[in-house]
Each structure stands twice: as C-alpha cells, then as structure tokens.
Amino acid sequence: MSPTSSREYTIPGVHVTDRTLTVPLDWTAPADDRTLSVFVRELVAPTKRSEDLPLLVFLQGGPGGKGPRPTGAEGWVGEALKRFRVVLLDQRGTGRSTAVRAGALQRLGSADVQAEYLSHFRADSIVRDAEHVRHTVYGGRRWSTLGQSYGGFLTLTYLSSAPDGVAASYVTGGLAGLDASAEEVYERTQTRVVVKNGQYRERYPADVERIGRIADRIAAGDVRLPGGDLLSVERFQSLGMAFGMGPGFERVHWIVDEAFDDGTPDELTDTFLAEVEAATSFATNPLYAVLHESIYAQGPGPTAWAAQRVRDTDPAFATSARPLLFTGEMIFPWMFDQIAALRPFREAAQALAARGDWPDLYDTEVLATNEVPLEAAVYFDDMFVDSGLSLDTAARVGEARAWVTNQFEHDGLRAGDVFTTLLDRLDARGGPRAATPS
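I will try to describe carefully the structure that is included in this document. Residues take numbers from 1 onward in each chain, read along the sequence in its written order. Only residues with pLDDT of at least 70 get local features here, since the model is predicted, and only at 80 or more are side-chain atom pairs given and counted; chain-wide, interface and lining totals rely on the full set of residues. The side-chain values count all of the structure's non-hydrogen atoms but skip hydrogen atoms and water molecules.

**Focus on the packing of aromatic side chains**
- Two rings from Phe, Tyr or Trp (for Trp, the six-membered ring) form a pair when their centres are within 6.5 Å of each other. A pair whose planes differ by under 30 degrees is stacked, one over 60 is edge-to-face, and the rest are tilted. Tallied over the entire structure, the rule returns 20 aromatic pairs.
- Between the aromatic rings of Tyr186 and Tyr296, the centroid separation amounts to 5.8 Å while the plane-to-plane angle is 80°, which identifies the pairing as edge-to-face. Remark: Tyr296 occurs in the loop between helix H11 (286-291) and strand S8 (299-300) and Tyr186 occurs in helix H6 (residues 182-203); sequence separation between them is 110 residues. Taken individually, Tyr186 and Tyr296 each receive the classification buried, so the pair is uniform in this respect.
- With centroids separated by 5.5 Å and ring planes inclined at 50°, the aromatic side chains of Tyr200 and Tyr204 adopt a geometry described as tilted.
- You can call Tyr200 buried: its relative accessible area is 2%.
- Each residue is assigned to one of three classes by its accessible area relative to the maximum for its type, calculated with a 1.4 Å probe on protein chains only: buried under 20%, partly exposed between the two thresholds, exposed over 50%. Given a relative accessible area of 15%, Tyr204 falls into the buried group.
- Within the aromatic cluster, the residues linked to one another by ring pairs are Tyr200, Tyr204, Phe236, Phe243, Phe249, Phe272 and Phe326.
- The ring of Phe121 has Arg92 sitting right over it, with the charged end atom 5.8 Å from the ring centre.
- Charge-over-ring contacts are defined here by two conditions on Lys NZ or Arg CZ: a distance within 6 Å of the ring centre and an angle within 35 degrees of the ring normal. The ring of Phe332 carries Arg311 above its face, with NZ or CZ at 5.0 Å from the centroid. By the criteria applied, helices consist of DSSP H or I runs no shorter than four residues and strands consist of E runs no shorter than two, each listed in order from the N terminus.

**Comments concerning the nonpolar core**
- In these notes, a set of buried Ala, Val, Leu, Ile, Met, Phe, Trp, Tyr and Cys residues joined through side-chain atoms within 4.5 Å is what counts as a nonpolar core. If you look at the biggest cluster of nonpolar residues, it comprises 112 residues, and the most contacted ones within it are Leu118, Phe236, Phe272 and Phe336.
- Contacts are residue-level and defined by heavy atoms, with any inter-residue pair within 4.5 Å sufficient. The residues touching Phe336, leaving out its near neighbours within four places in the chain, are Ala289, Val290, Trp305, Ile331, Leu342, Arg343, Phe345, Arg346 and Ala349.
- Listed in part, the 26 residues of the second largest apolar core include Val86, Ala168, Tyr170 and Phe419.

**Some remarks on a nonpolar patch on the surface**
- The grouping of Phe380, Leu391 and Val404 at the surface amounts to a nonpolar patch, some 240 Å² of accessible area in total.
- Residue Phe380 is classed as partly exposed on the basis of its relative accessible area of 44%. Note that patches include only residues with greater than 30% relative accessible area and no salt bridge, and the join distances are 9 Å for like charges and 5 Å for nonpolar side chains (Val, Leu, Ile, Met, Phe, Trp, Tyr). Only the protein chains shown count as cover for residues, with accessible areas throughout obtained via the Shrake-Rupley method and a probe of 1.4 Å. We define a salt bridge as a contact between a side-chain nitrogen of Lys or Arg and a carboxyl oxygen of Asp or Glu at a distance within 4 Å.

**Some details on the side chain of His253**
- Residue placement: His253 occurs in helix H9 (residues 248-257).
- Only 2.7 Å separates the side chain of His253 from the side chain of Asp207, close enough to count as a polar contact.
- The residues contacting His253, other than those within four sequence positions of it, are Tyr200, Tyr204 and Asp207. Side-chain atoms alone can form a polar contact between residues adjacent in sequence; in general such a contact is a pair of N or O atoms within 3.5 Å, and within protein one must be able to donate a hydrogen while the other accepts it.

**Some points on the pairing of strand S3 (residues 35-44)**
- Judged by how many residues are buried, S3 sits mostly within the fold: 8 of 10 residues are covered.
- With 10 bridges connecting them, strand S2 (residues 14-24) and S3 associate as antiparallel partners. Note that in S3 the partner of Val23 across the bridge is Leu36.
- Two strands pair under a simple rule: DSSP has to find at least two bridges between them. Pairing of S3 with strand S5 (residues 85-90) involves 5 bridges; the strand directions are antiparallel. By the bridge assignment for S5, Glu42 is matched with Val87.

**Looking at the pattern of salt bridges**
- Within the structure shown, the criterion is met by 33 salt bridges.
- Of the charged contacts, one joins Glu131 and Arg134 as a salt bridge, the two residues approaching to 2.7 Å between their closest N and O atoms. Residue Glu131 and its partner Arg134 are both found in helix H4 (residues 123-138); the two are separated by 3 residues, about one turn of the helix. Both residues of the pair, Glu131 and Arg134, count as buried.
- One salt-bridge network, held together by shared partners, links Glu184, Arg188, Arg192 and Asp386.

**Some remarks on the packing of helix H3 (residues 111-118) against helix H14 (residues 346-354)**
- For the pair H3 and H14, the least separation of the axes is 8 Å and the interaxial angle reads 70°. One finds that H3 runs roughly perpendicular with respect to H14. In terms of crossing hand, the pair formed by H3 and H14 is right-handed. Between H3 and H14, the contacting residues are Ala111, Asp112, Gln114, Ala115 and Leu118 on the first element and Glu347, Ala348, Ala351 and Leu352 on the second.
- For the contact of H3 with H14, the residue count by class is 6 nonpolar, 1 polar and 2 charged. Interaxial angle, 0 to 180 degrees, is taken between N-to-C directions of lines fitted to C-alpha atoms, where a helix line uses only the stretch in contact. In this scheme, roughly parallel covers angles under 35 degrees and roughly antiparallel covers those over 145, while 65 to 115 is roughly perpendicular and the rest are oblique. By definition, turning the near helix anticlockwise from the far helix through less than a right angle yields a left-handed crossing, and turning it clockwise yields a right-handed one. Three classes are used: nonpolar for Ala, Val, Leu, Ile, Met, Phe, Trp, Tyr, Cys and Pro, charged for Asp, Glu, Lys and Arg, and polar for all others, with Gly counted as polar.

**What about the environment of Leu391?**
- Checked against the element boundaries, Leu391 lands in helix H16 (residues 387-396).
- If sequence neighbours within four positions are ignored, Leu391 has contacts with Val378, Ala402 and Val404.

**Details of the environment of Ser181**
- Mapped onto the elements, Ser181 comes out in the loop between strand S7 (166-172) and H6.
- For Ser181, a relative accessible area of 37% corresponds to the partly exposed category.
- Separated by 120 residues in the primary sequence, Ser181 and Gly301 place their C-alpha atoms 9.8 Å from one another.
- Here the side chain of Ser181 touches Glu184 through a polar contact of 3.1 Å, landing on its backbone nitrogen.

**Concerning the packing of helix H7 (residues 207-220) against H9**
- Where H7 meets H9, the axes come as close as 10 Å, and the angle between the chain directions of the two elements is 60°. Relative to H9, the element H7 is oriented oblique. Considering how the two elements wind past one another, H7 and H9 form a crossing that is left-handed. From H7, Asp207, Arg210, Ile211 and Ile214 reach across to H9, where they touch His253, Val256 and Asp257.
- Its residues placed into classes, the contact of H7 with H9 shows 3 nonpolar, 1 polar and 3 charged.

Structure, rendered in structure tokens:
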C-alpha cells in the first residue's frame, strides 16, 4: 500500500512533508478488509532537504496521543533536526489517523463489537503501522526511535517484534515493567502519589484548608461545570494527575487559589469551574482514558479496573478524608458516567476491562538478547512510570543502559536537555547501528 496523499510546505526553521497511508485494522487477519488511515509528518531542516540524513521516528506518549504539532525548530525537535530527518506518527486512532470518535464507534454496534475494534489500537498494531511506514516511505532503511512515556512501551514492543528495523532507541520516562500487571503498576504508582501529595502540602500549606472547603462544597451538591457535568469530589481529586509533571504543583495551586471570591465565600467561582473542566474533560483525547489499563494487559485475566481496586485499599483517598488527597495517572470507572466526553465510551470501556485474553506485548527472550543500543532516561521520582520497574527492565534488555536522575519529572523531554544527554551517551558507545543491515 503506497501513500494515498502527500504535500510539502515550510514553517519557520522546518520543512514539512505530510503523508497519509492506508493500513489494515487487523494486521493478523489478511482476510479482514477493514482499513485505517495512518498520518505521517516528516520534518527536516530546510537547508538539509536534499541530504541523506538518518531517520528518527518519534513514538508519542499516551495512549491516545497524537504526534506533536511543530511550530518551529524548538526543544528536542530542534536538537533532532541538527542530525536527523524526523518522522512524527499520529498513532492509529489519534489526530489524523482515523481518530476514534464517539459517534463512529457507537455505530459499529454492541459493546463487544466496539471493544473488539478498540483492541486493535494497542502497541502491537502501532508497531506494525510504523514498520509499514518504514518500508513503504523509506525503503526499509533502519531508523532510530525516540519514545516518550508510552512511547517507551512501544519501543519495547518494537524491539520484541521488529528489532531489525531499528538502528538505536532512546526512551524518556517510559521503560515499562515487562511482566508487571496493571494492579502492580498502580500499587507502585499510588505510593508515589501519596508522596507527591505530601510534597504539595509542604509547598502550599495554606491550600490544605482551602482544598477541604472546596471538597465540602462539592459534596454538598449541585455544583455544575460549564458544560453541564455535575462536579464530584472524585473528579476534583483527579487534578492530581498534573503532579507527575514539573510545574504540576503550580498548575493545581493556581486553580485552587481562585476557587472562592471574598464576596461569595461559599460559592465556587466560574474561573475555578472552567479550569477544572478543562483539566479533567478528556475532550481532546478520550482514547487515553478508554485504553489506559489495556496498555498493561497481557495474558489471561482481565484488568478489571485495577486502578479503582488499588485506590479502594487506601482509605486516605476517600472523598471524605481530610486532608483530601489528589489522585494520579489513574483511570476510574466512574469517569465514564460523570464526564460528558467519556460517557459514549462507557460500554466499550467496561467490555475492555472485562476482557481476559490479551496477547503478550513483549517477548522477554528476544529482549534479553537484544542488539539494538538503547539509552533510557529513568526519572527516579516519576509518578507515572515506576522507576523500580524501569530499572528491572533495563537489567533484562540486552544493550540497554539507564541514566537515572531526579532532576526531572515525567516531562523531562520537553523541560530539559534529556534528549541531548541520551544522544551523547549513545554516541559514546559507538552510535546507532548502520542504516542497512551488514
């Protein structure tokens, strides 16, 4: 299948080529004629357009995250353009790659039919799409991969199933536990969420009383968000997802800071309500919530709302507890009842949570003998991806090296010189493998 469309243009500091390809919905079933579009955006420095540069494909975080929309040669993209031709994929189901929309999904039929469709949007299918792009657009040349967060999970699947296509891998905050269940993942990350809550209270002690007042007012009832959703204490607590990022404490603090006006101290302000809605709506990335626990699912047994089950083991996270604790990067079943953008996905999400026959995403035997040089930034205090699991994985993957740091949170790729550091570390080992096998 060749690209079905292509166009080129230049933005400040970056020449861009957009391509759209057609791929099967189910790579494992040749007789299944269902297809998807996959959107690919290539970036190159304008002065290097005609050069034979090595390729770097960016594996986006998520799940359900579309590729970055560049505005110029800034950040890690600008650094990459000094030596690479950069390939940005909108992973299937996101952005311009046959995005999963509520209406289209519901038209497929029953919850089980919808869940079957969504089961083809995990790492194994995304890697097959990437391999199709590599062969179809780039003639089968090896490329390097840069995996941010969930992109690191994709990297491990890539190295399990198609390592010959990879020259080198860079991972930022995304070495998944190779055999950790969803429940183990949330047991580990919930412990880190408790620590982050304590750090937040130390930084903003005056917020403790205010957060309690907010929760009490919400619990009293009839607090509506601008879009009409009834605000619950659970949804307010989910603001804590921001704690995994560098400026996360500040983002939550400034929302809490404007919760009340002096003239009406018992009513929540329109500003507060609008900001809570924007931070917790999933309106632009519902697939993130729908597939979240599925990214950990392997082998027999359902995930069965593991995050909720783990949360329920600790009464400190109860809505009535004071001080009130915020939650982390967890998706809970009540979200599909309370959040307008997620309600159309409720039955499909329930069916996915009940599914118990997920194929494995990682081949531990292949990974143990991996020959692709891998450099990974492991954020020691990461609230999203447990560093203990990451270090265990690094020890079990051949040619993997971990740079452990507490200088950054989960957003270190955007916030600092993480990518440059990983490039330098891999260069010191001899650099990527050849673009074509010897």
